[in-house]
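Residue-level structure breakdown
The chain contents come next:
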Amino acid sequence: MSVTQQQIDTLRAAGSDAQAVLKAACQVLPGQVAVLSSFGAESALLLALAAEVDPAIPVLFLETGMHFPETIEYRHELARTLGLLDVIDVRPSERTLQDRDPEGQLWAFDPDACCRMRKVEPLDAASLPYPALITGRKRSQAATRNRMEVIESDGEGRIKINPLADWTREEIDAEMTRRGLPRHPLASKGYPSIGCAPCTRPVGENEDPRAGRWAGMAKVECGIHRPT
């Protein structure tokens, strides 16, 4: 199952309006598209827009086993609040964890291997039925994302769809407020980007929003998205 160039062209013709992009994705690729969500600080807006288009759209959540408890609670709260009908927890198998990280400390000495085992490999398997993944990434989040396109193709029939690519933090915050969307409990405590608990810290007022991810490590992405 793959996305054709004609389908990609049709999606690009939808422009950059988030709702139009989501509607086009569901119409052009029925049954072939899923939302990938971290249920993080800004996730509620994309999920709200997706729920308005199709509350039954699959939502993939990478349940790494290392999340803050607040993230797990928020995942369930948002699903209930927005009426999402198909949130799928994607996780590594117990056998994989036992074989490759029996002490749960892999993140401390090889964070790339930890992300690969807990995120990249499980997502590769879970997304096989979905050649199109909708993400909440924004160009404003980090230098590694500042050239990101709304529709990204890997040239091999799989695409990433980024409806909020050109939204700023201020615009997202204002729209979440207007809609009365629930906030992640850690967002008000200095966590503008929230990943696994061992590898996430609060950030300072003038820091890059993703500066708290893998702080002090030579790492800026988990591996499920390529830098742009």
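In the block above lies the structure referred to throughout.
This report concerns the structure included in the present document. Since this is a predicted model, take the numbers as computed values, not measurements. (Residues numbered from 1 in each chain as written. Predicted model: local features only at pLDDT ≥ 70, side-chain atom pairs only at ≥ 80, totals over all residues. Heavy atoms only, no water.)

Quick look at the packing of aromatic side chains now. The final tally for this structure, using the stated rule, is 2 aromatic pairs. Centroid distance Phe39 to Phe61: 5.4 Å. Interplanar angle 85°. Geometry classified as edge-to-face. Taken together, the residues span a long stretch of sequence, with Phe39 in the loop between strand E1 (33–36) and helix H3 (43–53) and Phe61 in strand E2 (residues 59–62) at a distance of 22 residues. In this structure Phe39 comes out as buried when scored by relative accessible area, which is 0%. (Phe/Tyr/Trp six-rings, centres within 6.5 Å; stacked < 30°, edge-to-face > 60°. Helix = DSSP H or I, 4+ residues; strand = E, 2+ residues; numbered from the N terminus. Buried < 20%, exposed > 50% of the residue type's maximum accessible area, 1.4 Å probe, protein only.)

Turning next to the side chain of Ser193. You can see Ser193 is positioned in the segment after helix H8 (169–179). With a relative accessible area of 10%, Ser193 lands in the buried category. In this structure the side chain of Ser193 is engaged in a polar contact, spanning 2.9 Å, whose partner is the side chain of Arg213. With near-sequence residues (within four places) excluded, Ser193 lies in contact with Thr200, Pro209, Arg210 and Arg213. (Polar contact = N/O pair within 3.5 Å; in protein donor to acceptor, adjacent residues only side chain to side chain. Contact = heavy atoms within 4.5 Å.)

Regarding helix H2 (residues 18–28), the residues found buried are Ala18, Gln19, Val21, Leu22, Ala24, Ala25 and Cys26. Tucked inside the fold, the buried residues of H2 contact helix H1 (5–12), E1, H3, strand E4 (132–134) and strand E6 (159–161).

Attention now goes to the state of the cysteines. Applying the stated criterion across every chain yields a total of 0 disulfides. Looking at Cys199, it has no disulfide partner, and the nearest cysteine sulfur is the one in Cys114, 6.4 Å off. (Disulfide = S-S within 2.5 Å.)

Okay, the pattern of salt bridges next. Applying the stated criterion to the full structure yields 11 salt bridges. A salt bridge links Glu149 to Arg12; its shortest N-O distance comes to 3.8 Å. Here the residue Glu149 occupies a position in the loop between E4 and strand E5 (151–153), and Arg12 occupies one in helix H1, the gap between them amounting to 137 residues. When salt bridges that share partners are traced, they join Glu52, Glu175, Arg178 and Arg179 into one network. (Salt bridge = Lys/Arg side-chain N within 4 Å of Asp/Glu carboxyl O.)

The next point concerns H1. Of the residues making up H1, those classed as buried are Gln7, Ile8 and Leu11. With its buried residues spanning 100° around the axis, H1 presents them on a single face. Those residues of H1 hidden inside the fold are in contact with H2, E5 and E6. (Arc of directions from axis to C-beta.)

Strand pairing in a sheet takes place through backbone hydrogen bonds and is either antiparallel or parallel in direction. Strand order in this open sheet of 6 strands is E3-E2-E1-E4-E6-E5, and the pairing throughout is mixed. Of all the strands in the sheet, the pair left with one neighbour each is strand E3 (87–90) and E5. Pairwise comparison of adjacent strand axes, ignoring direction, gives a mean angle of 30° for this sheet. With 3 bridges joining them, E4 and E6 adopt parallel strand pairing. Of the residues in E6, the one forming a bridge with Leu133 is Lys160. (Pairing = 2+ DSSP bridges. Axes fitted to C-alpha atoms, helices over the stretch in contact; angles between N-to-C directions.)

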